[in-house]
Amino acid sequence: MRTLIFLLGIIGLSGCSVSRYLNKELKNSAVLSQQHTGVSVQDLKTRKTLASYQDARYFTPASNTKLFSFYAGLCALGDSVPGLEYLEWGELLIIRGTGDPSLLHPDLPHSKVYDFLKSRKEQLFFTPYNYENKRFGAGWAWNDYNDYYQPEVSPMPVYGNIARFTGISAQEFDVKPAFWRKAAVLDSNAAGIVREEDKNVFRHPKMALAAGLMQDVPVRMSEVVAMELLGDTLKKDIKLINIPLEIEVKKVYSILSDSLYTHMMQASDNMMAEQLMLLYASVNNLPLNTEKAIAHAIEHHLSDLPDKPVWKDGSGLSRYNLFTPRSIVALLDKIYDKVPQQRLFSILPAGGKSGTLKNLFQGSEPFVFAKTGSLANNYNLSGYLVTKKGKLLAFSFMNNNFTRSSAEVRKEVARILTGLHDRF
């Protein structure tokens, strides 16, 4: 009996110690003193909350939103991504998109959809009838249209909905796909490579990119542009036809789902997160509509979170998103229950080793596996932490409305979490 009481006391003390440590560090931190901070830490084995600091308050999550999209994907997709739906109709092949971002994407594995379309002899028709989305998400900044992190959302992306420019020399660059070479226009007043807002004209000065440097510029997408791009690559004519496919359609699977998840999480790829929510909609027989996909995911998979999420897009570009740290930790519990630990830790950025955490938490072995979330004046980190004593913790450390540099806040978050690792 005495032994049992002693062990229970040690367990309780461990929880209290974590809480005491974090509260002390947060209170005494000069870096975090003038901002909004929320922290939640849970022991994944016991599911006991070890520490909480303002964890019931709502924060702008930035790319921590991708954890929600990731979980939606886990709930909807199997091992492979449904890349295309089609209907054979005599000598016609009518195709429609599922939202899959992998077709000819420069950073993803080769898509089987390409091989399928290349091999077909029928006349190809594309129908966008099931697509109900806008090109930008709710609350996105319109003047970021030229920035690599804000490609447009579409029912069937091609080449990642970007033009990739690579510097060859001081006055020469290459662009892929080559389709866009004719759209590059010399303009001595341009700073870098700038697309015109409403059309695919890419203005550039003579010295646009240094040799070896790369710039991804989002394309102004439409169904016409997408099919012109795809047709140019396939050397086929693809016509548009705006009709519903109410007869049962067949599917072609493109790439392994983990390939999509890993690139989305490690590179914090916004385009893939947005398209993942359209994939979720497609699998659940919804129109390709982010708002409807999110509502469905909340109702069917996230209704038991401590605090109802204010969830507006797939990537976290929107400042309308609001989550609480304790709800993110509850989500991390759900993800951990769905994905074996080794696989999960290979998908997430690993501290000091991969993705957006490659230069943080330097050490011999990674002990933090987590998703970053950054916007101007916001830095969040949520994921899993392995302590020196072998405890596995789920945590969410959210920082909003700071005026210091993000680098300072990142270093302070890393310092405090490293202390958590070392002490417990």
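Please refer to the structure placed before this passage.
Residues numbered from 1 in each chain as written. Predicted model: local features only at pLDDT ≥ 70, side-chain atom pairs only at ≥ 80, totals over all residues. Heavy atoms only, no water.

A.B. asks: For this particular structure, what's the right way to read the packing of helix α2 (residues 65-76) against helix α6 (residues 270-283)?
C.D. replies: Between two packed helices, the angle of one axis relative to the other and the distance separating the axes together describe the packing. Where α2 contacts α6, the axes come no closer than 9 Å and their chain directions differ by 35°. Two packed elements cross with a definite hand, and for α2 against α6 that hand is left-handed. Mapping the contact onto sequence places Lys 66, Ser 69, Phe 70, Ala 72, Gly 73 and Ala 76 in α2 and Asn 270, Ala 273, Leu 276, Met 277, Tyr 280 and Val 283 in α6. Residues belonging to the contact of α2 with α6 are distributed by class as follows: 8 nonpolar, 3 polar and 1 charged. (Axes fitted to C-alpha atoms, helices over the stretch in contact; angles between N-to-C directions. Helix = DSSP H or I, 4+ residues; strand = E, 2+ residues; numbered from the N terminus. Left-handed = near helix turned anticlockwise from the far one by under 90°. Contact = heavy atoms within 4.5 Å. Nonpolar A, V, L, I, M, F, W, Y, C, P; charged D, E, K, R; others polar.)

A.B. asks: Looking at this structure, how should I read the sheet that holds strand β11 (residues 214-218)?
C.D. replies: Sheet strands line up and pair through hydrogen bonds in the backbone, either parallel or antiparallel. Read from one edge to the other, the open sheet built from 3 strands follows the order β7-β6-β11, with strand pairing classed as antiparallel. The sheet is open, and its two edges are formed by β7 (172-176) and β11, each paired on a single side. Strand-to-strand twist in this sheet, taken as the mean axis angle between neighbours without regard to direction, amounts to 25°. In this structure, strand β6 (residues 162-169) lies alongside β7, joined through 5 bridges in antiparallel fashion. Across the sheet, residue Arg 164 finds its bridge partner in β7, namely Lys 176. (Pairing = 2+ DSSP bridges.)

A.B. asks: Help me out: how do you make sense of the pattern of salt bridges in this one?
C.D. replies: Oppositely charged side chains are able to pair whenever their charged atoms sit close together. Here the structure, examined in full by the defined rule, presents 23 salt bridges. When the shortest N-O distance is used, the salt bridge between Glu 122 and Arg 120 registers 2.6 Å. Here Lys 239 ties to Asp 237 by a salt bridge, and the two come within 3.0 Å at their closest N and O atoms. Owing to a relative accessible area of 37%, Lys 239 belongs among the partly exposed residues under this scheme. By relative accessible area, which is 47% here, Asp 237 ends up partly exposed. Here the salt bridges share partners, and the residues they tie into one network are Glu 88, Arg 120, Glu 122 and Lys 250. (Salt bridge = Lys/Arg side-chain N within 4 Å of Asp/Glu carboxyl O. Buried < 20%, exposed > 50% of the residue type's maximum accessible area, 1.4 Å probe, protein only.)

A.B. asks: Explain the nonpolar core to me, please; I cannot follow it from the model alone.
C.D. replies: Burial of nonpolar side chains together is a common tendency in soluble globular proteins. In this structure, Phe 70, Trp 311, Ile 335 and Tyr 384 are the most contacted members of the largest nonpolar core, which totals 50 residues. Of all the secondary-structure elements, those providing two or more residues to this core are α2, α5 (257-266), α6, α7 (290-301), α8 (325-338), α9 (341-347) and β16 (392-400). Those residues in contact with Ile 335 that sit more than four places away from it in its chain are Leu 67, Phe 70, Tyr 71, Leu 74, Leu 344 and Tyr 384. (Core = buried A, V, L, I, M, F, W, Y, C linked by side-chain atoms within 4.5 Å.)

A.B. asks: Looking at this structure, I do not really get the sheet that holds strand β4 (residues 92-96). What am I missing?
C.D. replies: Reading across the sheet, the 5 strands line up as β12-β5-β4-β3-β13 and stay open at both edges, with mixed pairing between neighbours. The open sheet has two edge strands with one neighbour each: β12 (238-240) and β13 (250-256). This sheet shows a mean twist of 30° between the axes of neighbouring strands, independent of strand direction. Bridge count for strand β5 (residues 123-126) against β12 is 3 bridges, and the pairing is parallel. The residue bridging Phe 125 from the neighbouring strand is Lys 239, located in β12. In the packing of helix α4 (residues 223-234) onto the sheet, contacts are made with β5 and β12, and the angle to β12 comes to roughly 165°. Strands in contact with α5 are β3 (80-89) and β13; relative to β13, the strand with the most contacts, it is inclined by about 50°.

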